[in-house]
Amino acid sequence: DIQMTQSPSSLSASVGDRVTITCRASQSISFYLNWYQQKPGKAPNLLIYAASSLQSGVPSRFSGSGSGTDFTLTISSLQPEDFATYYCQQSFSTPLTFGGGTKVEIK
Amino acid sequence: QLQLQESGPGLVKPSETLSLTCTVSGGSISSSTYYWGWIRQPPGKGLDWIGTIYYSGTTYYNPSLKSRVTISVDTSKNQFSLKLSSVTAADTAVYYCARLGYRSGWDPFDSWGQGTLVTVSS
């Protein structure tokens, strides 16, 4: 199985801050990396697919980068509605696996 | 607009079988482009992929659950289903159904149901 490790597991930030979340795969997954946002009591919502492609309807302040084993999700200017938990997921091979999540909290 | 809706009992007794159905509306489950999957999330924890099915019936299961999981599809009803046998308290989770595609590799889960909480308790 491909293990996905996210860091940090939580962070505190202020509105307007630039936020970066990292995700590392236990083996190369090329660009098969996706990012989701999940708010309490809601299903995850796809933000970024194929490492750097913005899903339709997602604000441009979200961006993704990386390939191989190391990936990042960046929020260029944190907005109040961005406080949530973020998950990475590899879609290179089954079993499909998710990172443990990063909770973004208000400072 | 595609919608997915999970349904099934919210309480299952230990050692029994958990059964859930996902009803797809606004699109055909028989589309050649898409696969259909189940993901679960224990309370306060992360996401775990359970398995995925194609409309033809081809399935892919998480090896950690494979001995207990069956996913099936009913194209006439535009539904797919999950059965998880011999459940324990560790199977208590919110269960999501979702859509994903496959091109040169797996696509992301781009559409999700709202999720349904299943509690395993006597």
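Residues numbered from 1 in each chain as written. Chains lettered and ligands numbered in written order. Predicted model: local features only at pLDDT ≥ 70, side-chain atom pairs only at ≥ 80, totals over all residues. Heavy atoms only, no water.

(A) Seen up close, the pattern of salt bridges. Residue and element names in this part refer to chain B. The tally for this structure, following the rule as stated, stands at eight salt bridges over all chains. Its salt-bridge partner being D91, residue R40 comes within 2.8 Å of it at the nearest N-O pair. Taken together, the positions of R40 in strand β4 (residues 34-41) and D91 in the loop between β8 (79-84) and β9 (93-102) put the pair 51 residues apart, joining distant regions of the chain. Take R40: its relative accessible area is 10%, and that puts it in the buried class. (Salt bridge = Lys/Arg side-chain N within 4 Å of Asp/Glu carboxyl O. Helix = DSSP H or I, 4+ residues; strand = E, 2+ residues; numbered from the N terminus. Buried < 20%, exposed > 50% of the residue type's maximum accessible area, 1.4 Å probe, protein only.)

(B) Molecular detail of the pairing of strand β4 (residues 33-38) of chain A. Residues and elements named next belong to chain A. Within β4, six of the six residues are buried, which leaves the element mostly enclosed by the surrounding structure. Judged by which residues are buried, β4 turns out to be covered on both faces: L33, W35 and Q37 on one side and N34, Y36 and Q38 on the other are all buried. Across six bridges, β4 lies against strand β9 (residues 85-90) in antiparallel orientation. Bridge pairing links W35 to C88 in β9. Pairing of β4 with strand β5 (residues 45-49), which is carried by three bridges, proceeds in the antiparallel orientation. Bridge pairing links W35 to I48 in β5. Linkage of β4 to β5, two consecutive antiparallel strands, is achieved through a turn of six residues, within which G41 is found at a positive phi near 75°. (Pairing = 2+ DSSP bridges.)

(C) Structural detail: the sheet that holds β8(B). Residues and elements named next belong to chain B. Taken in spatial order, the four strands line up as β1-β3-β8-β7 in an open sheet, and their pairing is antiparallel. Whereas interior strands pair on both sides, the edge strands pair on one side only; in this sheet they are β1 (3-7) and β7 (69-74). Here the average twist between neighbouring strands, direction ignored, is 20°. As paired elements, β7 and β8 share six bridges and run antiparallel to each other. What sits directly across from I71, in β8, is L82. (Axes fitted to C-alpha atoms, helices over the stretch in contact; angles between N-to-C directions.)

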